[in-house]
Amino acid sequence: MIYDVIIIGAGPAGLAAAIYAGRAQVNGFVLEKMSPGGQVLITDFVENYPGFFEGISGFELVEKFTEHAKKFGMAIENGEVGSIEPVGENLNIHLTDGKTITTKTVIVATGATHKKLGVKGEQELTGRGVSYCATCDGPFFRDQVVAVVGGGDSAVQEAIFMTKFAKKVYLIHRRDELRAIKILQERAFSNDKIEFIWNSTVEEIIGKDQVEGIKLLNKVSGEISTLKVDGVFIFIGIEPTTQFIRGLVDTDERGFIKTDEWMRSSRQGIYAAGDCRKKPLLQIVTAVAEGATAAFAVEHDLE
Ligand code: NAP
């Protein structure tokens, strides 16, 4: 069987593509390696998606997207893509479990994952106080002291979220100015539980079986200090999940897939949408728009 389209990834971009492809009756399905949702699933609160001005949890929003895609007949199947191989005019998708799916087109909507600090103790203590998901692990730190690392929207938003549980939240940033949008900055600055540690990087995460503290380097004074914390939440940006397609399509130096305005990659039949794509604004609203555009392009190009 040769499908018309396989959508890889069931985050907002993939699910929006599924809604449009399903509605256009393009023959295919969505492949997802875990459960639908992508990064939004672990976002506590979304307040900038149109229509939800009172805010909605990432979990609830994803449930709505998933239901919507299913309503238009798009199935979501479990499977992890190992590689994609062009065969004549078609593409063979090789799954890591050994199966192969043949399709005329692919929409890559695999999103991105969190970057790691790469310091001593990080890997060893992951799940033992080191976390990349405040929504998942926040409640374990009730009345404790935590550090949040980073200065972007994620770090600031999650630091504010952590104040619901922790008695104190240190926000550690490598510069003296946040990258996050002003509204988040203002909320963080007016939150008494958050203390900012500027111009500082985490050099080591200390702890035997559990996080006990972090070693900090002040980049201005050169001073090294130790801060006692029970948890470390790391939000220092993201990297695209595109390893399986590197070399097959053009990407930038960080691996984000380059596309035209129709979401077509440099290789015929392969499209990209969402956070795995090179673009200026990584948001749910742009991801869904790109998913819709990619599905529209697929339908147009197949015709
Ligand atoms: P980001 O915007 O790339 O910010 C990463 C932060 O981590 C920056 O402040 C950066 O410092 C710092 N950083 C990077 N590498 C570091 C290292 N090795 N050590 C210490 N600090 C390091 O990433 P993000 O906050 O995860 O956001 C990703 C995208 O999602 C953005 O486009 C963001 O707007 C979007 N997002 C939006 C929302 C929202 O709309 N509410 C929420 C979450 C995320 P510098 O500032 O010095 O570079």
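You'll find the structure just up there.
Computed from a predicted model, the values in this text were never measured in an experiment. (Residues numbered from 1 in each chain as written. Predicted model: local features only at pLDDT ≥ 70, side-chain atom pairs only at ≥ 80, totals over all residues. Heavy atoms only, no water.)

**Remarks on the overall build of the chain**
Move 1: The secondary structure content of the chain amounts to six helices and 17 strands.
Move 2: Computed over its C-alpha atoms, the radius of gyration of the chain comes to 21 Å, within 12% of the 19 Å expected for a compact globule of 303 residues.
Move 3: Principal-axis analysis of the C-alpha atoms places the extent of the chain at approximately 60 × 40 × 30 Å.
Move 4: Counting every position in the chain, which comprises 303 residues, the buried fraction comes to 49%.
Move 5: Across the chain, contacts joining residues at least 24 apart in sequence account for 58% of those joining residues at least 6 apart.
Move 6: Put simply, the chain has 33 plus and 41 minus side-chain charges, and the middle of one group is 3 Å from the middle of the other. (Helix = DSSP H or I, 4+ residues; strand = E, 2+ residues; numbered from the N terminus. Rg over C-alpha atoms; globule rule 2.2 N^0.38 Å. Buried < 20%, exposed > 50% of the residue type's maximum accessible area, 1.4 Å probe, protein only. Contact = heavy atoms within 4.5 Å. Lys, Arg positive; Asp, Glu negative; His and termini not counted. Charge placed at Lys NZ, Arg CZ, Asp CG, Glu CD.)

**Things to note about helix α2 (residues 58-71)**
Move 1: The terminal C-alpha atoms of α2 lie 20 Å apart, and with 14 residues this matches the ideal 20 Å at 1.5 Å per residue to within 8%.
Move 2: Buried residues belonging to α2 abut α1 (12-23), β3 (76-78) and α6 (284-302).
Move 3: Immediately beyond the C-terminal end of α2, within one or two residues, lies G73, with a positive phi of roughly 90°. (Expected span 1.5 Å × (residues − 1).)

**Describing the state of the cysteines**
Move 1: Under the criterion given, the structure shown has one disulfide.
Move 2: A sulfur-sulfur separation of 2.0 Å characterises the disulfide bridge that pairs C133 with C136. Looking along the S-S bond of the C133-C136 disulfide, the torsion reads about 80°, which is the right-handed sense.
Move 3: The buried category is assigned to C133, whose relative accessible area is 8%. (Disulfide = S-S within 2.5 Å.)

**Regarding the sheet that holds strand β11 (residues 194-197)**
Move 1: Across the sheet, which stays open at both edges, the five strands sit in the order β8-β15-β9-β10-β11 with parallel pairing between neighbours. Bordering the open sheet on either side are β8 (130-131) and β11, each of which pairs with just one other strand.
Move 2: Bridging between strand β9 (residues 145-149) and strand β15 (residues 231-234) involves four bridges; their strand directions are parallel. By the bridge assignment, V148 is partnered in β15 with F233. (Pairing = 2+ DSSP bridges.)

Interpretation note: all reported values are geometric properties and have no functional meaning in isolation.
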